[in-house]
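Structural overview
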Amino acid sequence: MSARTTTTSTFKTDVLRNERPVLVDFWAAWCPPCRAVGPVLDEIARHHREKIDVVKLNVDENPELARKYQVTSIPAFRVFQNGEIVDSFMGAMPKEAFEERLSPYLG
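Residues numbered from 1 in each chain as written. Predicted model: local features only at pLDDT ≥ 70, side-chain atom pairs only at ≥ 80, totals over all residues. Heavy atoms only, no water.

Quick word on the overall build of the chain
This is how the line gets drawn: We count a stretch as a helix when DSSP gives it H or I for four or more residues in a row; a strand needs E for two or more, and each element gets its number in order from the N terminus. Our radius of gyration is a C-alpha quantity, and the globule rule it is checked against amounts to 2.2 Å times the number of residues to the power 0.38. Exposure classes here rest on a 1.4 Å probe applied to the protein chains alone. A residue is buried below 20% of its type maximum, exposed above 50%, and partly exposed in between. Only heavy atoms matter for contacts: two residues are in contact if any of them lie within 4.5 Å across the pair. Shrake-Rupley sampling with a 1.4 Å probe provides the accessible areas, and residues are treated as covered by the protein chains on show and by no other component. All tallies of charge rest on Lys and Arg as positive and Asp and Glu as negative; His and the ends of each chain are not included. Charge positions are represented by NZ for Lys, CZ for Arg, CG for Asp and CD for Glu.
Each helix and strand counted, the chain has four helices and five strands in total. When the elements of the chain are put in sequence order from the N terminus, they spell out β-α-β-α-β-α-β-β-α. Expected size for 107 residues packed as a compact globule is a radius of gyration near 13 Å; at 12 Å, the chain falls within 12% of this value. For the chain, the spread of C-alpha atoms along the three principal axes comes to 30 × 30 × 25 Å. Across the 107 residues that make up the chain, the buried fraction comes to 47%. Taking as baseline every contact in the chain between residues at least 6 positions apart, the subset at least 24 positions apart corresponds to 70%. When the accessible area of the chain is evaluated, it comes to approximately 5,700 Å², of which 50% is carbon and sulfur surface. Separation between the mean location of the 14 positive side-chain charges and that of the 15 negative ones in the chain comes to 3 Å.

Observations concerning the state of the cysteines
The line we're drawing: Whenever a pair of cysteine sulfur atoms sits within 2.5 Å, that pair is classed as a disulfide.
All told, the structure shown has one disulfide when counted by the stated rule. Here Cys31 engages in a disulfide with Cys34; their sulfurs sit 2.4 Å apart. An S-S torsion of about 75° defines the bridge between Cys31 and Cys34 as right-handed. Each member of the pair, Cys31 as well as Cys34, carries the same accessibility label: buried.

Here's the deal with helix α4 (residues 95-106)
As a reminder, the rule being used: Helix span, as expected, comes to 1.5 Å for every residue beyond the first. As used here, the arc is the angular range of directions from the helix axis to the C-beta atoms.
For α4, spanning 12 residues, the distance from its first C-alpha to its last is only 14 Å, which falls clearly below the expected 16 Å at 1.5 Å a residue. Among the residues making up α4, those that are buried are Lys95, Phe98, Leu102, Tyr105 and Leu106. Taken around the axis of α4, the buried residues stretch over an arc of 75°, which confines them to a single face. Turned more than 90 degrees away from the buried face of α4 sit Glu96, Glu100 and Pro104, all of them exposed. Summarising the contacts, the buried residues of α4 are in contact with β2 (22-27), α2 (32-47), β4 (76-81) and β5 (84-90). Backbone geometry just after α4 places Gly107 at a positive phi near 60°.

A few points about the pairing of β5
Two faces, one strand: in a regular strand the side chains alternate between the faces of the sheet. To keep things clear, this is the line we draw: Pairing between strands requires that DSSP locate at least two bridges from one strand to the other.
Pairing of β4 with β5 involves six bridges; the strand directions are antiparallel. Paired with Arg78 across the bridge in β5 is Ser88. In sequence, β4 turns back onto β5 through a hairpin of two residues, with Asn82 there showing a positive phi of about 55°.

Observations concerning unusual backbone geometry
Note the cis peptide between Ile74 and Pro75, where omega equals 0°. Even without being glycine, Gln70 reaches a positive phi, approximately 55°. Mapping Gln70 onto the fold places it in the loop between α3 (63-68) and β4. The residue Asn82 is not glycine, and still its phi comes out positive at about 55°. For Asn82, the location among the structural elements is in the loop between β4 and β5.

Put into structure tokens, the structure is as follows:
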């Protein structure tokens, strides 16, 4: 299982109504750091699939959500829990750094 794609039309179901914590990756195809972090997020999605969902949102295709969640630079990450943002960070990082940042949600 890898990170799933979400869009404006599926965001409410994929993220806001999700019973588990959700890591949302705000990214774009033209962004080298975004592409570099993709495989790391897929790995996190696979290894922690029982505890957290990982979804990717293309900011070029879904600009209204990028604006709504104040994404001004990418890659940007928002952790949602019960429909609310509980953590926010940005920039590419290794898997270990993601796991450390996400540790409160990985149980």
